[in-house]
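# Working through the structure, step by step
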Amino acid sequence: MIAFLVSAIRFGMTLLFGSTGETITEKSGHLNLGIPGTMCVGAASGCVAASLYYTAASGNLNPVLAVLIPLLATFAGGALMGLIYSFMTVTLRANQNVTGLVLTTLGVGISDYMVAGIEPHTYSSASIFFTTSLPFAKHLGWFGELFLSYGIMIYLAIVIAIVSSLVLNKTKLGLHLRAVGESPATADAAGINVTAYRYGATCIGCGIAGLGGLTFVMDYMLGNWEYVIDSIGWLAVALVIFTVWRPNFGILCSIIFGAFYVASSYLNIDLAAKALFKMLPYVVTTIVLIIISMMNRKEDQPPASLGLNYYREER
Amino acid sequence: MEHAALELRHVTKTFGNVIANNNVNLDLRRGEILALLGENGCGKTTLMNMIAGIYFPDEGEILIGGEPVVITSPKDAFRYGIGMIHQHFKLIDVFSASENIVLGIENGEKYRLSAVNDRVQEIADKYGFHIDPKKKIHTMSVSEKQTVEIVKVLYRGADILILDEPTAVLTPQETEKLFAVLRRMRDDGKSIIIITHKMHEVLSISDRVAVLRKGEHIATVDTATTNENELTEMMIGKKVTLNIDRSEPKNPVSRLTVNHITSIDSDGVHTLDDISFTAYSGEILGVAGIAGSGQRELLESIAGLHHMTEGEILYNDPTSGHMENLRDKTPIQIRELGVRLSFVPEDRLGMGLVGNMDIIDNMMLRSYRRGKSLFLDRKNPKDLAISIINNLEVVTPSASTPVRRLSGGNVQKVLVGREIAASPTVLMAAYPVRGLDINSSYTIYNLLNEQKEKGVAVIFVGEDLDVLLELCDRIMVISGGKISGIVDARTTTKEEIGLLMTKDVSHTASATKEETKR
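Assigned secondary structure in chain A consists of 14 helices and zero strands. In chain A, the order of α-helices and β-strands from amino to carboxyl end is α-α-α-α-α-α-α-α-α-α-α-α-α-α. For 315 residues, the compact-globule estimate of 2.2 N^0.38 gives 20 Å, and chain A sits close to it at 19 Å. Principal-axis analysis of the C-alpha atoms gives chain A an extent of 60 × 45 × 35 Å. Per-residue burial for chain A yields a buried fraction of 52% across its 315 residues. Taking contacts inside chain A between residues at least 6 apart in sequence as the whole, the part at least 24 apart equals 78%. Working note: accessible area of chain A is about 13,400 Å², and carbon and sulfur atoms make up 70% of it. Separation between the mean location of the 15 positive side-chain charges and that of the 15 negative ones in chain A comes to 10 Å.

The next subject is the side chain of Asn117(B). Residues and elements named next belong to chain B. Looking at the element boundaries, Asn117 is found in helix α4 (residues 113-127). Take Asn117: its relative accessible area is 11%, and that puts it in the buried class. Every residue in contact with Asn117, bar those within four places of it in the chain, is listed here: Ser98, Pro133 and Lys134.

Residue and element names in this part refer to chain B. Spatially, four strands are ordered β12-β11-β14-β15 in an open sheet, and the strand pairing comes out antiparallel. The two strands at the open ends of the sheet, each matched to only one other strand, are β12 (270-280) and β15 (323-325). Between one strand axis and the next, the sheet turns through 15 degrees on average, direction left out of account. The pairing of strand β11 (residues 254-264) with β12 spans seven bridges and is antiparallel. If you follow Ser254 over to β12, its bridge partner there is Tyr280. The strands touched by helix α9 (residues 295-302) are β11, β12 and β14 (310-316); relative to β12, the strand with the most contacts, the crossing angle is about 60 degrees.

With that out of the way, let us pick up the interface of chain A and chain B. Facing 17 residues of chain A, the contacting portion of chain B comprises 20 residues. Each partner contributes to the roughly 1,800 Å² buried at the junction of chain A and chain B, and carbon and sulfur atoms together form 63% of this total. It is Lys172(A), Leu175(A) and Lys298(A) in chain A that bury the most area against chain B; as a group they hold 32% of the surface buried on that side. In this assembly, chain A and chain B are joined by three salt bridges. The closest approach of N and O atoms between Lys136(B) and Glu299(A), which form a salt bridge, is 3.2 Å. Joining chain A to chain B, the criterion identifies six residue pairs in polar contact (both at pLDDT 80 or more). Mapped onto the side of chain A that touches chain B, the elements with two or more residues apiece are α9 (172-182) and α10 (184-189) of chain A. When residues in the side of chain A that touches chain B are grouped by element, the largest group, six residues, is from α9(A). When the residues that make up the side of chain A that touches chain B are grouped by side-chain class, the tally is five nonpolar, five polar and seven charged.

One pass over the full model with this rule turns up 11 aromatic pairs over all chains. Relative to Tyr227(A), the ring of Trp225(A) lies with its centre 6.4 Å away and its plane at 75 degrees, an arrangement referred to as edge-to-face. Among the aromatic residues, ring-to-ring pairing joins Phe11(A), Phe216(A), Tyr220(A) and Tyr261(A) into one connected group. Taking the ring centre of Tyr261(A) as reference, the NZ or CZ of Lys278(A) above it sits at 4.6 Å. Its guanidinium or amino end placed over the ring of Phe78(B), Arg156(B) lies 5.0 Å from that ring's centre, counting from NZ or CZ.

Residue and element names in this part refer to chain A. Mapped onto the elements of the fold, Gly46 is located in helix α2 (residues 35-56). Overall, Gly46 belongs to the buried group, its relative accessible area being 0%. Between the C-alpha atoms of Gly46 and Leu211, which are 165 residues apart in sequence, the distance is 8.6 Å. When residues no more than four places from it in sequence are discounted, the contact partners of Gly46 are Pro70, Ala73, Thr74 and Leu214.

Let's shift gears to the pairing of strand β13 (residues 284-288) of chain B. All names here are of chain B. Counting buried positions along β13 yields five of five residues, so the element is predominantly enclosed. Burial along β13 is two-sided: Ile284, Gly286 and Ala288 and Leu285 and Val287, pointing in opposite directions, are all buried. Summarising the sheet, β13 and strand β18 (residues 457-461) pair through four bridges and their orientation is parallel. Looking at β18, one finds that Val287 is bridged to Val461.

We now examine helix α8 (residues 152-170) of chain A. Since the α-helix turns once every 3.6 residues, residues separated by three or four places project in the same direction. All names here are of chain A. With 19 residues, α8 extends 26 Å from end C-alpha to end C-alpha; this agrees with the ideal 27 Å at 1.5 Å per step. Listing the buried residues of α8 in full gives Met153, Ile154, Ala157, Ile160, Ala161, Ser164, Ser165 and Leu168. Taken around the axis of α8, the buried residues stretch over an arc of 130 degrees, which confines them to a single face. Buried positions along α8 lie against α1 (2-27), α3 (63-91), α6 (127-131), α9, α11 (194-220) and α13 (247-266).

A few words on the nonpolar core. Note that soluble globular proteins tend to have their nonpolar side chains buried in a common cluster. Membership of the largest hydrophobic core comes to 122 residues, with the highest contact counts inside it found for Trp225(A), Ile150(B), Leu161(B), Leu182(B), Met185(B) and Leu231(B). With 46 residues, the next largest nonpolar core counts Ile284(B), Ile388(B), Val467(B) and Met501(B) among its residues.

Moving on, we come to the packing of helix α8 (residues 228-236) of chain B against helix α17 (residues 494-502) of chain B. Residues and elements named next belong to chain B. Contact geometry for α8 and α17: axes closest at 9 Å, N-to-C directions at 110 degrees. The angle between α8 and α17 falls in the class roughly perpendicular. Taken together, the residues of α17 that come into contact with α8 (itself represented by Glu228, Asn229, Thr232, Glu233, Met235 and Ile236) are Lys494, Glu495, Gly498, Leu499 and Thr502. A breakdown of the residues in the contact of α8 with α17 according to their chemical character gives three nonpolar, four polar and four charged.

This next bit is on the confidence of the model for chain B. Residue and element names in this part refer to chain B. Per-residue confidence for chain B gives a mean pLDDT of 84, with 92% of residues at or over 70. At the low end of the mean pLDDT range in chain B sits strand β16 (residues 341-344), at 62; at the high end sits strand β8 (residues 191-195), at 95. Counting contacts from residues 507-518, a segment whose pLDDT is below 50, to residues more than four positions away or on other chains yields 18 contacts. In the predicted complex, the global pTM is 0.77; the interface-specific ipTM is 0.85.

So, on to the side chain of Thr257(B). Considering the arrangement of structural elements, one finds Thr257(B) in strand β11. Contacts of Thr257(B), omitting those with residues within four sequence positions, involve Phe277(B), Thr278(B), Glu312(B), Ile313(B) and Leu314(B).

Bridge analysis of β11(B) against β14(B) gives five bridges, and the strand direction is antiparallel. Across the sheet, Thr257(B) pairs through a bridge with Leu314(B), a residue of β14(B).

All names here are of chain B. Ordered in space as β2-β1-β4-β5, the four strands form an open sheet in which the pairing is antiparallel. Edge positions in the sheet fall to β2 (18-28) and β5 (67-69), since each of these pairs with one other strand and no more. Each neighbouring strand pair of the sheet contributes to a mean axis angle of 30 degrees, computed without reference to strand direction. One ladder, built from five bridges, connects strand β1 (residues 6-15) with strand β4 (residues 59-64); its direction is antiparallel. From the neighbouring strand, Leu6 faces β4, where its bridge partner is Ile64. In the packing of helix α1 (residues 44-51) onto the sheet, contacts are made with β1, β2 and β4, and the angle to β1 comes to roughly 120 degrees.

Rules of the game
Residues numbered from 1 in each chain as written. Chains lettered and ligands numbered in written order. Predicted model: local features only at pLDDT ≥ 70, side-chain atom pairs only at ≥ 80, totals over all residues. Heavy atoms only, no water. Helix = DSSP H or I, 4+ residues; strand = E, 2+ residues; numbered from the N terminus. Rg over C-alpha atoms; globule rule 2.2 N^0.38 Å. Buried < 20%, exposed > 50% of the residue type's maximum accessible area, 1.4 Å probe, protein only. Contact = heavy atoms within 4.5 Å. Areas by Shrake-Rupley, 256 points an atom, 1.4 Å probe, with all protein chains shown as cover. Lys, Arg positive; Asp, Glu negative; His and termini not counted. Charge placed at Lys NZ, Arg CZ, Asp CG, Glu CD. Pairing = 2+ DSSP bridges. Axes fitted to C-alpha atoms, helices over the stretch in contact; angles between N-to-C directions. Buried area = accessible area lost by both parts, 1.4 Å probe. Salt bridge = Lys/Arg side-chain N within 4 Å of Asp/Glu carboxyl O. Polar contact = N/O pair within 3.5 Å; in protein donor to acceptor, adjacent residues only side chain to side chain. Nonpolar A, V, L, I, M, F, W, Y, C, P; charged D, E, K, R; others polar. Phe/Tyr/Trp six-rings, centres within 6.5 Å; stacked < 30°, edge-to-face > 60°. Lys NZ or Arg CZ within 6 Å of the ring centre and 35° of its normal. Expected span 1.5 Å × (residues − 1). Arc of directions from axis to C-beta. Core = buried A, V, L, I, M, F, W, Y, C linked by side-chain atoms within 4.5 Å. Parallel < 35°, antiparallel > 145°, perpendicular 65-115°, else oblique. pLDDT = per-residue confidence, 0-100.

In structure tokens:
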């Protein structure tokens, strides 16, 4: 049971990066369907950076640098995808849905190419530093295993979700960002730089989402590249709806999603039933969407301008 | 002598070929309420938007307290203590009053919502507003939202407040409350410009009145020394002769009888209030009124696109002689009943035509249901498109050019041409000449006259009173969703219509009795 929960949390936190990043992006009014591609590119950037560091250090890895270098590279790779998205939708005024889907297909293609060109052992060797937990965790029984046995990325996901939630709800920065996503014209009239907020939120959000891809490879898969990161990205996009656009609530929601996803491996059931479990996240997302639409509480709705580009001339 | 709080000198603003404001001079004193009066499209809002930093004047200068200033953004305007309350509120629904008020303020202070709440309450108490700082906008009434907008500019320390038609959305009681607050702000030394069409409000709230007509400043007068007739005359000007042909109606029969229709919108405002009239065949019935007085709702109700709360619309079917009630029928049901209504909506490209489709496809929007085979019949629509292009002199590279690439006048010709081609018995046209040049306008007038001579009952919603007076047989004036009068276009005067347009009929007994001249 404990092992099941630990696995659910590890997988859930991978999703949490994606959903927190996408929530920040969506709060600015950008419906970024490029998240799956962004997570792929993020993961691939991290692997390439880890590999380069491995070569440069001739295999003698410094634990801090082995984590920090891929982490920063991943964030940069994700943010670059956000920059492309913002450039397309804000500056070139391309349709958001089309842009997102293009970035997803592009991201999957690019990441496969990036990873195909490097030796697996050069990046998988960094994985051990990502999964290192506190040394005294194993002496604390079930408590240690359930709460303290994880690698750094798992805790980082939770910290980012909590910080994002505080920034969104308790600071003027967050107030302005939410205003941009709700009504860019109103924000513009109030003197808020809509373009800057949309670029900024999208790049940061994509950077965070990218970390989800890295976490999947380095932590959950223990350093093995697996060609399913894009499907995890879609799960993260669904998770945003499940969390009703609240990163703090997302911590719990992501564990639920994670539990659904890994449940099949811990249950002695046949293949068809396993597929059923993997389907559950999408089913509950649909149900949540139906419920929030039926209740029609203004506070639970997506940002009012989600998916809409803003041009000042259209007053 | 003390400098004026705000002064405009020789301000001119053009949009393309249209002159919105021409050489306007205006001054606003400290501690006064100045009413800005003028017809629709006379440039009042444009002028105010230049002060608020939304537009930038082409020529002329703006002075604050005697010093010339450059205002290029709403932020600049705030810096000079100018705050504008727009007609359409710029508020975020899911935010509380305080969150909306503090939005966009970068004063380096730590962001604490409770402190904002306290300041908001303080301002409200000072001027006698009622506001709950924590209440979410989407749960507020229109009047509460307006209060938030006003507190928003006061919070930013505005000394000059501009209110664009603040009473348009308020009930008489709410208007009284607003005026009490405005007077208190004036006594506190604030300078206020209020844009309004309602003459009795101008007379009751303002210290001085500035009148604009066709983008030009006509005069600024002391409210105490003027009266309604003088202001109306300044506002609408002398009659201009246009030489539009007008024939006598032939064998008029009542075609459309509207009985007591009422419509209430989602905010609880009466957009239509007990409207009754009859449209006759072979005549043009003009509809005059300040924009947003219910014209759109009226036409949409007849066309079956707008839900009425009460009333009925009786249509006298010329082929069968039966009376049909159009109420609560869908536009398609109305067609199936043999009732032919052609409708030219106000928003040409929004509701009338599909911009990305070509002229032929737009013709098909009205005819595709008649098709019998699996594939669409493109031949007839194509012939129709070509005949419209030739007859109405539509300037277009070809019949297969997307209509959004045509100029406004040509788009309008395509739309009116298509509606007329359906050989209607009732033709409704809303602002069909808006934005058109003189020649195109006359083409449209002739088209409407042709329809009238064919025995069509034409309902023409217009904004230019000179045109209404020369084109129409009768003119119905609506004000605030009510009919303030139906007059004979041949004998009435511009002044009479002007007074009816600004007349407040909310308290008077039903002035909607259809006159019985026939």
